[in-house]
Amino acid sequence: MFLKALEIHGFKSFPDRTKITIERGITAVVGPNGSGKSNISDAIRWVLGETSAKQLRGGGKMENVIFGGTQSRNAMGFASVNLYIDNTDRRIDVDSDEVVIGRKYYRSGDSEYSVNGQNVRLKDIYEMFLDTGLGRDGYSIIGQGRIAVIVGAKSNERREIFEEASGIAKYRYRKNEAERRLASAEDNLVRLRDILGELE
Ligand code: ATP
């Protein structure tokens, strides 16, 4: 799995469609303060399903990820990010050599996620990246202040990071999902017994 390119359009300080290709090896992004370097990593986390506007330094409102305009340029109505991933090793459970993850968000609040052009749910993206290290809660993106958060985290919170790294997170997630379904099936059974009791 290898991050090949990132296409940003209308996201934060990127009003024009901008494609950033990433070569193998080390890539460094350099630029003056406030030029938009961190907005690039925000875009990656956002397309992978970050739902907290606070984590995206957006002042608590998701709308703030949309280009807000400058003195010479109007604000935009949507933000869109596409992430191109080399999947020749099939680390992601999609049968194609390239996986394109897309997210689009409109000022109206409507949101779209896609995988290779097909609309999907946020849940699908979350599940797809579990245990790859790259997902929304993965450890591949260490933002400013994240080290301090990890060091200061409670042991159970820190455990989640190790679980993701060791490939256990997927099973914990599935176990929680199964327990949730079991609880709802039990609720249904109780209701069914009540109805049967009334009929008898
Ligand atoms: P530093 O080196 O200081 O950390 P940086 O290069 O990482 O800076 P960013 O924090 O990525 O910079 O970008 C900040 C810039 O992005 C600011 O100029 C801010 O005005 C701009 N910006 C953020 N959100 C939006 C938005 N919604 N619309 C337009 N511009 C935005």
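Residues numbered from 1 in each chain as written. Predicted model: local features only at pLDDT ≥ 70, side-chain atom pairs only at ≥ 80, totals over all residues.

**Section: the pairing of strand S3 (residues 78-86)**
Right, on to step 1. Counting buried positions along S3 gives seven out of nine residues, so the element sits mostly inside the fold.
Right, on to step 2. Bridge analysis of strand S1 (residues 2-9) against S3 gives seven bridges, and the strand direction is antiparallel. Bridging from a neighbouring strand, Glu 7 pairs with Asn 82 of S3.
Right, on to step 3. Pairing between S3 and strand S4 (residues 98-106): nine bridges, direction antiparallel. Within the sheet, the bridge partner assigned to Ala 79 lies in S4 and is Tyr 105. (Buried ≥ 20, exposed ≤ 12 C-beta atoms within 10 Å, placed from the backbone. Helix = DSSP H or I, 4+ residues; strand = E, 2+ residues; numbered from the N terminus. Pairing = 2+ DSSP bridges.)

**Things to note about the site of the ligand**
Right, on to step 1. Close to the ligand lie 14 residues; Asn 33, Lys 37, Ser 38, Asn 39 and Gly 68 are nearest.
Right, on to step 2. A per-class count over the shell around the ligand returns two nonpolar, 10 polar and two charged. (Near = placed C-beta within 6 Å. Nonpolar A, V, L, I, M, F, W, Y, C, P; charged D, E, K, R; others polar.)

**A closer look at the environment of Asn 39**
Right, on to step 1. With respect to the secondary-structure elements, Asn 39 resides in helix H1 (residues 37-47).
Right, on to step 2. For the pair Asn 39 and Ile 195, spaced 156 residues apart in sequence, the C-alpha to C-alpha distance is 56 Å.
Right, on to step 3. With residues up to four places along the chain from it excluded, the contact list for Asn 39 reads Lys 12, Ser 13 and Phe 14. (Contact = placed C-beta atoms within 7 Å.)

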